[in-house]
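Working through the structure, step by step
Here is how the chains run, residue by residue.
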Amino acid sequence: MESVFEIVAEPNRRAILSLLASSEQSVGEIERQLRMPQPSVSKHLRVLREAGFVESTVDAQRRLYRLKPEPFRQLDSWLDQFRRFWSAHIDALERHLDRMDKGRMEQDRADQSNTTKSKPATQQSRGSTKGEKK
């Protein structure tokens, strides 16, 4: 039997899982949305069902598939170590970007202050300008 990671590594299975994350779906609905042939959809659903990722119920003439949370908890537990790792790095990146923004804002204020001080006062001319008709 494939491991949880091998099962979700297959792109078509991930696409099916993504569809089922939003709502229950029949085989026909999955076929249409993913533009996959029915035998392929059924094969992937069988693998997902045997691995415990999905379960099905019968509704009249069709079988509806939905996600089961247990295998996702196993994935989540494994991914948790990486969240802690990336969290520290993302926090450091955020602090660095904040320092860059603060430095940029201080530089912009200094540039604006220097520009205002160096500009001579403009004088408005009185009377008519050339080319103006009276």
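In this report, the structure presented in the accompanying data block is examined. Just so you know, these numbers come straight off a predicted model, no measurement behind them.

Quick notes on the nonpolar core
Looking at soluble globular proteins, one finds that nonpolar side chains tend to be buried together. In terms of nonpolar packing, the biggest core is built from 19 residues, with Leu20, Ile30, Leu45, Leu48, Phe53 and Val54 touching the most fellow members. Excluding its chain neighbours within four sequence positions, the residues that come into contact with Phe53 are Val4, Ile7, Val8, Leu17, Leu48, Arg66, Leu67, Lys68, Pro71, Phe72 and Leu75.

A closer look at the sheet that holds strand β1 (residues 25–26)
Through backbone hydrogen bonds, the strands of a sheet pair up, either in parallel or in antiparallel fashion. Here three strands make up an open sheet; going across it, the order is β1-β3-β2 and the pairing antiparallel. Taken across any chain shown, the strands that pair with only one partner, and hence form the sheet edges, are β1 and β2 (54–59). The strands touched by helix α4 (residues 38–50) within the sheet are β2 and β3 (62–67), with β2 carrying the most contacts at an inclination of about 115 degrees.

Points about the pattern of salt bridges
Here the structure, examined in full by the defined rule, presents nine salt bridges. Where Glu55 meets Arg66, a salt bridge forms, and the shortest distance between an N and an O atom there is 3.0 Å. Here Arg66 lies in strand β3 and Glu55 lies in strand β2, a separation of eleven residues in the sequence. Take Glu55: its relative accessible area is 30%, and that puts it in the partly exposed class. For the salt bridge of Asp59 with Arg62, the shortest nitrogen-to-oxygen distance reads 3.8 Å. Residue classification places Asp59 among the partly exposed residues on the basis of a relative accessible area of 38%. A single network of salt bridges, built from pairs that share partners, joins Asp76, Asp80, Arg83 and Arg84.

Let's talk about α4
Taking 1.5 Å per residue, 13 residues should reach 18 Å; α4 reaches 18 Å between its end C-alpha atoms and fits that length. Residues of α4 that are buried include every one of Val41, His44, Leu45, Val47 and Leu48, and no others. Mapping the buried residues of α4 onto a view down its axis gives an arc of 160 degrees, with all of them on the same face. Of the exposed residues in α4, the ones pointing more than 90 degrees away from its buried face are Pro39 and Glu50.

Section: the packing of helix α2 (residues 11–22) against helix α3 (residues 27–34)
With their axes 11 Å apart at the nearest point, α2 and α3 run at an angle of 115 degrees to one another. As α2 packs across α3, the resulting crossing turns out to be right-handed. Mapping the contact onto sequence places Ala15, Ile16, Leu19 and Leu20 in α2 and Ile30, Gln33 and Leu34 in α3. Tallied by class, residues from the contact of α2 with α3 come to six nonpolar, one polar and no charged.

Cut-offs used in this document
Residues numbered from 1 in each chain as written. Predicted model: local features only at pLDDT ≥ 70, side-chain atom pairs only at ≥ 80, totals over all residues. Heavy atoms only, no water. Core = buried A, V, L, I, M, F, W, Y, C linked by side-chain atoms within 4.5 Å. Buried < 20%, exposed > 50% of the residue type's maximum accessible area, 1.4 Å probe, protein only. Contact = heavy atoms within 4.5 Å. Pairing = 2+ DSSP bridges. Helix = DSSP H or I, 4+ residues; strand = E, 2+ residues; numbered from the N terminus. Axes fitted to C-alpha atoms, helices over the stretch in contact; angles between N-to-C directions. Salt bridge = Lys/Arg side-chain N within 4 Å of Asp/Glu carboxyl O. Expected span 1.5 Å × (residues − 1). Arc of directions from axis to C-beta. Left-handed = near helix turned anticlockwise from the far one by under 90°. Nonpolar A, V, L, I, M, F, W, Y, C, P; charged D, E, K, R; others polar.

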